[in-house]
Structures are given as C-alpha cells and as structure tokens.
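Reading the structure
What follows is the residue order along each chain.
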Amino acid sequence: MSPFSLTEDQIAIRDMAQDFAAETLAPHAARWDEDKHFPIEEMRAAAALGMGGIYIRDDVGGSGLTRLDAALIFEALSTGCPTVAAYISIHNMCAWMIDRYGDDEQRQRFLPKLCTMEHLASYCLTEPGAGSDAAALKTRAVLDGDHYVLDGQKQFISGAGVSDIYVVMARTGEAGPGGISTIVVEKDTPGLSFGANEKKMGWNAQPTRAVIFENCRVPVANRLGPEGIGFKIAMAGLDGGRLNIGACSLGGAQGALDRSLTYARERKAFGSAIADFQALQFKLADMATELEAARSLLWRAAAALDAKTPDATKLCAMAKRIATDTGFEVANHALQIHGGYGYLADYGIEKIVRDLRVHQILEGTNEVMRMIVARGLVGRSKGN
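Below is a short write-up of the structure.

Parameters and conventions
- Sequence order as written defines the numbering, with residues in each chain counted from 1.
- Given that the model is predicted, a residue must reach a pLDDT of at least 70 before its local features are reported, and side-chain atom pairs must reach 80 or more before they are shown or counted; all residues, however, enter totals for whole chains, interfaces and linings.
- Heavy atoms from the whole structure form the basis of all side-chain values; hydrogens and water molecules are not counted.
- Secondary structure follows DSSP: runs of H or I at least 4 residues long count as helices, runs of E at least 2 residues long count as strands, and numbering of each begins at the N terminus.
- Note on method: radius of gyration uses C-alpha positions; expected globular size equals 2.2 Å times residues raised to 0.38.
- Using a 1.4 Å probe on the protein chains alone, a residue whose accessible area is under 20% of its type maximum counts as buried, one over 50% counts as exposed, and one in between counts as partly exposed.
- We define a salt bridge as a side-chain nitrogen of Lys or Arg found within 4 Å of a carboxyl oxygen belonging to Asp or Glu.
- Two residues form a contact once any of their heavy atoms are found within 4.5 Å.
- Exposure above 30% relative accessible area and no salt bridge define the residues that can form patches, which grow by joining like charges within 9 Å and nonpolar side chains of Val, Leu, Ile, Met, Phe, Trp and Tyr within 5 Å.
- In this description, accessible areas are obtained by the Shrake-Rupley approach with a 1.4 Å probe, and a residue is regarded as covered only by the protein chains that are shown.
- When DSSP finds two or more bridges between two strands, those strands count as paired.
- Note on aromatic pairs: the rings of Phe, Tyr and Trp (six-membered ring only in Trp) are paired at centre separations within 6.5 Å, and the planes decide the class, stacked below 30 degrees, edge-to-face beyond 60, tilted for the rest.
- Buried residues of nine kinds, namely Ala, Val, Leu, Ile, Met, Phe, Trp, Tyr and Cys, make up a nonpolar core once their side-chain atoms join them within 4.5 Å.

**A short note on the overall build of the chain**
Helix and strand counts for the chain stand at eleven helices and ten strands. In summary, the chain has a C-alpha radius of gyration of 21 Å against a globular reference of 21 Å for 384 residues, a match within 12%. For the chain, the C-alpha atoms occupy an extent of roughly 80 × 45 × 40 Å along the three principal directions. Burial status across the chain gives 53% buried among its 384 residues.

Given below as structure tokens:
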C-alpha cells in the first residue's frame, strides 16, 4: 500500500469482514448482550473465512496476513459487535504468541484447531494484585521433573471457563520481568478451575472469569521458548493486541457515527431535520475527523509493527491510546445526539458506549500507554 491508500486485496479483506459483521453479528448483537451469550458458532464461521488465525503462518492453517490487514478486519467486525470482535482479537493474539515463540511440535499441536476456532484461547497475564504492574505477578510455576506445578490466580480473563487453551505468564525464577515464563495450559488439566462469570458494564457477549491454579501440573513441553522470556512474549503479544483493540474501538465508533447520521436525517425538531442545524453538523464533522485521524495513526503503527521498526512499540501505544479514547468519545457523542433514545437499548448506541469504555483499560491502560510513549521520548528514569 501507499501511505494513503489500501490495495485492492486489502479493500476486499475489509469488505468481506464488513459483510460478515452486517449479516452475522449485527442482527444478534443486542440479544447476545442481553442474554450474555457467547456466540461460538458464529466465531467459527468467521474463522472459516480466515479470521481465526489472521497473521498466523499458513503451514498450520493461518491466513498469513499482515497487522494492517488485521486492523482492517477488526474495525469492520466491530461495526457489527465490538464485544465479539474483541474476543476474536484476543484469540488471535494468543495464537500468534504460539506461532512466534513455539517450536514446531507446539505449533503443529495447538495452532490448526486454534485457526479454525475449534479450540478457543485466552490470554492470562493480569492478576488480582498485578494489573498495570504486570511484572509483579505472583502466579508461580515450580519445576517438578518434566512438569511445572502452577499455583496462583489470574483475573479478568476473557473466554475463561470456555476456552480450550490458556496462554499463561507465570513466575519460574526471581522477582521482576526476568523471572517470568510463558506456559500453555490446556482445558481440563487437573488443578485448573475458574471463578464466577463477572457481572460487567459491557462486553457481555463474552465470559470474563478468574483463572485459578491449584497444584496444576503442566508438561514442561508446553512452555513457549526458554525460561525467563515470558514477559517479553507477553509484551510482544500486546503490541499487536493494542492495535487490534484500537481497531475495535474505531469500528464500534464508526457504527455509532453511521447511526447518528441516519438519525439526524430522520429526526425533526423546530420544523427541520436536526441534520440541518449547523451546531450538529459541526459535531458530526468533528466526530468523523477525529475517527479518521485515529485511524491514520493506527494504520501507521500497524505498518511499523509489520516492518519491525525500532519505534513500533511506541507507535502501537500511541495508536491504542488515541483510538480507544477517540472511539469512546465519538460513541458518547452519538448517544447525546440521539437524546433520550440513545439511552434506550433499542437503538444500540448505549451498548456501544458500554462496550468501548473498557478498551481504555485493557491491553494496558491508557495511562500506561502514556508511560510507554514518554519513555520512548525521554528514556526510563530511575525507579520507573
């Protein structure tokens, strides 16, 4: 692609995902939210179109696409349902970690079923006492022969209790990031259990539970890479995850803007369509402009991550912060444009607002994104 246009293939990929979102996700999104239904079969239908392993190598069934292609897909999917799109993005992040850091045996064992979404995956980093300070995690994996024995708890895990694969960051060594390793824990492993499904503001169409390890024995053969690089693996996964969740914010907000345009043309007040009022026109113009600006930075960061440029991590943090902040603000403005109707579930706007709010928190809070950017600018100070 040129810096300012998409290729014909990228347009086709985006349109494919957009059509899937409109036909398969959007008609059911409100009901899934209300019923707290996790739409596994619909996600497997997405995987059949190549969206279960977007940037996974094709020898294990992946699509072999780029991070920019993924951003286009997740934005398009989120116009139908940000919650479902966000879970598919997490699943893809887990699969990539196995594809990138796993050996050939691990890739062949785990990835074919992940790419079809016959098996679902969850990312397990956050703990009750280790959120933004992820390197302080306490879940421990103690070597015992050819197994690790895991003890500890992970918190706020998407897909927990339903997923088949849990990509777990656990402490195998000393305190700090250098003592962390990445271990794949399979569903039904003795000692693996789950908390209750959390009651949440949004993201109701995917389960969120604690993941609990109690004397949980996992083969050493399930460790990704050598001991001690687990924090590096986790952060590498999050570079792409931040792009994905930013794209999900843009898609949800674009859907809210599109609904606002329709509503503004149809809603009449003081004898005219409210779309005729200049104050509202300026609001809509600002919403569209801010979305386009955030989208441009997200694409720039995706291209940098594909090219493995030295500033890719910083750009991914910038893009995540601006895309998720902008996405929520645009959705909130859309609710205001709808007035009292925006507050009703029937119009779909309040669900978008609820779903997008958490994007400013997960995959690294937006305050942490500012820390990453600042360190890239002025360096790391002592004690930080």
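**Concerning the pattern of salt bridges**
Evaluation of the coordinates by the stated rule reveals 19 salt bridges. Among the salt bridges present, the one from Asp 99 reaches Arg 107, with a minimum N-O distance of 2.7 Å. Residue classification places Asp 99 among the buried positions, given a relative accessible area of 3%. Across the salt bridge formed by Asp 144 and Arg 217, the nearest N and O atoms sit 2.8 Å from each other. Linking Asp 144 in strand 2 (residues 140-144) with Arg 217 in strand 7 (residues 208-219), this pair joins segments that are 73 residues apart in sequence. Judged by its relative accessible area of 39%, Asp 144 is partly exposed.

**What to know about unusual backbone geometry**
The phi dihedral of Phe 156 is positive, around 60°, even though this residue is not glycine. Looking at the secondary structure, you find Phe 156 in strand 3 (residues 147-158). Even without a glycine there, the phi angle at Glu 363 is positive, about 60°. With respect to the helices and strands, the residue Glu 363 is situated in the loop between helix 10 (349-357) and helix 11 (366-378).

**Considering the environment of Leu 49**
Along the polypeptide, Leu 49 turns up in the loop between helix 3 (40-48) and helix 4 (67-78). Residue class for Leu 49 comes out partly exposed when judged on its relative accessible area of 45%. The spacing of Leu 49 and Leu 120 is 71 residues in sequence and 16 Å in space, taken between C-alpha atoms. Beyond its immediate stretch of four places on either side in the chain, Leu 49 contacts Met 16 and Phe 20.

**Points about a nonpolar patch on the surface**
Together, Tyr 341, Leu 344 and Tyr 347 make up an exposed nonpolar region whose accessible area comes to about 260 Å². With respect to the helices, strands and loops of the structure, Leu 344 is situated in the loop between helix 9 (312-338) and helix 10.

**Side note on the pairing of strand 1 (residues 121-124)**
Regular strands place their side chains on alternate faces of the sheet. Residue alternation in strand 1 divides its side chains into two sets, Ala 121 and Tyr 123 and Ser 122 and Cys 124, and both sets are buried. Two elements, strand 1 and strand 4 (residues 165-171), share four bridges in a ladder whose sense is parallel. Within strand 4, the position partnered with Ala 121 by the bridge is Ile 165.

**Quick look at the packing of aromatic side chains**
Each aromatic ring pair is specified by the distance between its two centres and by the angle formed by the two planes. Evaluation of the coordinates by the stated rule reveals five aromatic pairs. When the ring of Phe 38 is compared with that of Tyr 87, the centres are 5.0 Å apart and the planes differ by 85°; the resulting orientation is edge-to-face. Of this pair, Phe 38 sits in the loop between helix 2 (29-35) and helix 3 while Tyr 87 sits in helix 5 (residues 82-101), and the two are 49 residues apart along the sequence. Like Phe 38, the residue Tyr 87 is buried in the burial classification. Measuring from centroid to centroid gives 6.0 Å for Trp 96 and Tyr 101, while their planes differ by 90°, and the two rings are edge-to-face. Taken as a pair, Trp 96 and Tyr 101 share a single burial class, namely buried.

**Overview of the nonpolar core**
In terms of nonpolar packing, the biggest core is built from 103 residues, with Leu 77, Ile 98 and Tyr 123 touching the most fellow members. The element best represented in this core is helix 7 (residues 230-266), accounting for 15 residues. When neighbours within four sequence positions are excluded, Ile 98 is seen to be in contact with Gln 106, Arg 107, Phe 110, Leu 111, Leu 114, Ile 165, Val 167, Val 184 and Leu 224. Core analysis: the next-biggest nonpolar cluster, separate from the first, contains 16 residues, Ile 157, Ala 170, Val 211 and Phe 213 among them.

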